[in-house]
Amino acid sequence: MPIATLNPATGETLRTFDALTAAEVDEKLQRAADAFQRHRRTPLAERAEKMRRAGEILDAEKDRLARLMTTEMGKTLGAARAEAEKCAWVCRHYADHAAGMLAPQIVDVGGTARAEVHFLPVGAVLAVMPWNFPFWQVFRFAAPGLMAGNVGLLKHASNVPQCALAIEDVLRRAGFEEGVFQALLVGSDAVAGMLDDERVAAATLTGSTPAGQSVAERAGRNLKKTVLELGGSDPFIVMPSADLEGAARTAARARCINNGQSCIAAKRFIVHQEVADRFERLFVAAMEALNVGDPMADGTDVGPLATAAIRDEVDEQVRTSIAAGARLLTGGRRMDGPGFFYPPTILADIPEDAPAYREEVFGPVASLFRVASVDAAIALANDSQFGLGSSVWTRDDAERRRFVTEIEAGMTYVNAMVASDPRIPFGGVKQSGYGRELGTFGIHEFVNIKSVWIEENAPDELPDAE
């Protein structure tokens, strides 16, 4: 794929970039290695001041940065502006709280000894990031990573190069010295070599399951830590006690957020048969009320998909599912005219061999299912290779407890839409990946958790070695 800005609302290529040469990549890796030796020694208070300044820049320039996001990947301008604001939030969060998260922990070992657990940086972390949240996905890695004392190497998606360069520019203007965070305009074929390089200490990837497998395999050969946030086919369960109107409104939003291109977008809507007819009517109405159009225009709810290939794949998954016996409730046909638009779509009565039953559909397409019990809802929710997020709608405490403990997912939101939040960990299980971003767990993923034992007086007897 060329490294280029291609406007998904028009199909027009606006700007292209040459990939870095091998020599240029080598130079940037050495710059990162050198910067790490200095950055790791900077006081936390100094790092926090710079990170707080990054948040101020993001807030001050959110309109300009939002237009850049919308131009490169098609999200609505309002959503892009909110993304910039969320990035400012995560910068402030770690600026305010990283010192406490990284403070040495004292362990009572008795006697005259003192034991401590320290959290020390590991070096340069390679981030292989996707296009769908071109700023947020990066900052939720960069904010904790840089505060921990690591340095960042960003291999961004090839269709958002200007976003990648803009992020590097924001962090540099915030005061982080050259080499602490670098955007590398390279193709995916350069990732393996960087993982092999001893100057790269670890890697994080957000993307498809095959991409995660590739990075994990290569990093594993080199015994390097990875965090993977991969695909999702999140269940959205509605039980008889739920607020059906609120659930249906949220369902439409949860499916079509980011034009339907989100790993944690609700994709499989599992509804108890007692309320299925009414929920179906409400859900269809909510999806049909969404305005599809120019992502730069006020009032647009759903913009284009990011590329022609993504639009065509979604269309193929829908058409194949209908041919297999799925019932089309709304949408389901490619939209005429320029750009890569696809309408909000709902499929029901989906057979198990249809793509919409088991595959992740990365566009505004909902799969609607009916179940007869809590047991059936949990079984269907878990009948997936993925396990990222889940949303359950019920006022019954016993049902809540069962959903929280039995749904196989990294996150369960009750009577709410799944969302990432700097204060709590984010990640999945099964083919949705491993490791966690955000929260205290996120900042601890890429640190050396070092045990320190300090003996104040020489012991009379030496302890066992094991």
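In this text the structure is predicted, and so the values were computed from the model without any measurement.

Reading the values: rules and limits
- Numbering of residues starts from 1 in each chain and follows the order in which that chain's sequence is written.
- Since the coordinates come from a predicted model, pLDDT governs what is reported: local features require at least 70, and pairs of side-chain atoms require 80 or more to be given and counted, while whole-chain, interface and lining totals use all residues.
- Values shown for side chains rest on all heavy atoms present in the structure; no hydrogens or waters enter the calculation.
- Only protein atoms enter the 1 Å grid, on which a cavity is a set of points fitting a 1.4 Å probe that cannot get out and a pocket is an open set with protein on both sides within 12 Å along at least 5 of 7 lines, lining residues being those with an atom within 4 Å of a point.
- Grid points are joined across faces, edges and corners, and a volume is the space filled by probe spheres set on the points.
- By definition, any uninterrupted DSSP run of H or I lasting at least four residues is a helix, any uninterrupted run of E lasting at least two residues is a strand, and each is numbered from the N terminus.
- Side-chain classes are defined by residue name, with Ala, Val, Leu, Ile, Met, Phe, Trp, Tyr, Cys and Pro counting as nonpolar, Asp, Glu, Lys and Arg as charged, and the others, Gly among them, as polar.
- Any pair of Phe, Tyr and Trp rings, taking the six-membered ring for Trp, is counted once the centres come within 6.5 Å. Such a pair is stacked with planes under 30 degrees apart, edge-to-face with planes over 60 apart, and tilted for the rest.
- Buried residues are those whose accessible area, probed at 1.4 Å on protein chains only, stays under 20% of the maximum for their type, while exposed residues exceed 50% and partly exposed ones sit between those limits.
- The criterion for a charge sitting over a ring is simple: Lys NZ or Arg CZ within 6 Å of the ring centre, and within 35 degrees of the ring normal.
- Strands qualify as paired when DSSP identifies two bridges or more between them.
- Note on definitions: angles span 0 to 180 degrees between N-to-C directions of axes, and those axes are lines fitted to C-alpha atoms, for helices only across the stretch in contact.
- Should an angle lie under 35 degrees it is considered roughly parallel, over 145 roughly antiparallel, and from 65 to 115 roughly perpendicular; all remaining angles are considered oblique.
- The handedness criterion is simple: a crossing whose near helix is rotated anticlockwise from the far helix by less than a right angle is left-handed, and one whose near helix is rotated clockwise is right-handed.
- The contact criterion used throughout is that any non-hydrogen atoms of two residues lie within 4.5 Å.

K.L.:
Report on empty space enclosed by the protein, specifying residues and quantitative values.
P.N.:
Where empty space is left can be seen by rolling a probe of water-molecule size over the atoms. Taken as a whole and assessed by the stated rule, the structure comprises 6 cavities of 30 Å³ or more. Taken as a whole, the largest cavity spans an internal volume of roughly 130 Å³. Surrounding the largest cavity, 15 residues form its lining, Arg-140, Phe-141, Pro-144, Gly-442 and Phe-446 being those nearest its centre. Secondary structure elements with two or more residues in the lining of the largest cavity: helix 5 (136-147) and helix 15 (439-444). At 4 residues, helix 5 tops the list of elements feeding residues into the lining of the largest cavity. Partitioned by chemical class, the residues of the lining of the largest cavity number 7 nonpolar, 4 polar and 4 charged.

K.L.:
Requested: an account of the packing of aromatic side chains, with residues and values cited.
P.N.:
All chains considered together, the criterion is met by 7 aromatic pairs. Ring centres of Trp-131 and Phe-362 lie 5.9 Å apart, and the angle between their planes is 80°; on these two criteria the pair is classed as edge-to-face. Separated by 231 residues along the polypeptide, Trp-131 in the loop between strand 5 (124-128) and helix 5 and Phe-362 in the loop between helix 12 (355-358) and strand 14 (365-371) bring together distant segments of the chain. Judged by its relative accessible area of 15%, Trp-131 is buried. Relative accessible area serves as the criterion here: at 18%, Phe-362 is assigned to the buried category. Aromatic side chains Phe-269 and Phe-283 sit 4.7 Å apart centroid to centroid with 45° between the ring planes, which places their arrangement in the tilted category. Within this pair, whereas Phe-269 is found in strand 11 (residues 266-272), its partner Phe-283 is found in helix 10 (residues 276-288), the two being separated by 14 residues in sequence. Judged by its relative accessible area of 0%, Phe-269 is buried. An aromatic cluster of at least three residues, connected via ring pairs, comprises Phe-236, Phe-269, Phe-279, Phe-283 and Trp-393. Stacked on the ring of Phe-426, the Lys or Arg Arg-140 has its end atom at 4.3 Å from the ring centre. Positioned above the aromatic ring of Phe-446 is the side chain of Lys-225, whose terminal nitrogen or guanidinium carbon lies 5.8 Å from the ring centre.

K.L.:
Would you mind going over the layout of surface pockets in detail, with residue names and values included?
P.N.:
In this structure, the largest pocket encloses a volume near 1,200 Å³. Surrounding the largest pocket, 44 residues form its lining, Pro-130, Trp-131, Gly-207, Ser-208 and Ala-211 being those nearest its centre. Of all elements in the fold, only helix 7 (191-196), strand 8 (200-206), helix 8 (209-221) and helix 11 (308-323) reach the threshold of two or more residues within the lining of the largest pocket. With 8 residues, the single largest contributor to the lining of the largest pocket is helix 8. Grouping the amino acids of the lining of the largest pocket by side-chain chemistry returns 20 nonpolar, 16 polar and 8 charged. In this model, the second largest pocket occupies a volume close to 680 Å³. As for the second largest pocket, its lining consists of 32 residues, of which Ala-79, Phe-133, Arg-253, Ile-257 and Asn-258 are closest to the centre. Breaking the lining of the second largest pocket down by element, the ones donating at least two residues are helix 4 (77-102), helix 5 and helix 9 (244-256). Classifying every residue of the lining of the second largest pocket gives 17 nonpolar, 8 polar and 7 charged.

K.L.:
Before we move on, could you go through the sheet that holds strand 20 (residues 447-455) and cite the residues and values that matter?
P.N.:
In spatial order, the strands read 3-4-20; together these 3 strands make up an open sheet with antiparallel pairing. Both edges of this open sheet fall to strand 3 (105-107) and strand 20, since each of them pairs with a single strand only. Neighbouring strand axes in the sheet, compared pairwise and without regard to direction, differ in orientation by 25° on average. One ladder, built from 9 bridges, connects strand 4 (residues 113-121) with strand 20; its direction is antiparallel. Note that in strand 20 the partner of Leu-120 across the bridge is Asn-448.

K.L.:
Can you lay out the packing of helix 2 (residues 44-60) against helix 6 (residues 161-173) for me, pointing to particular residues and giving the numbers?
P.N.:
Look at helix 2 against helix 6: their axes get within 8 Å of each other, and the N-to-C directions meet at 125°. The orientation of helix 2 relative to helix 6 falls into the category oblique. Here the hand of the crossing between helix 2 and helix 6 comes out right-handed. Only Val-170, Leu-171 and Arg-173 of helix 6 make contact with helix 2, whose side of the interface consists of Ala-54, Ile-57 and Leu-58. The class makeup of the residues in the contact of helix 2 with helix 6 is 5 nonpolar, no polar and 1 charged.

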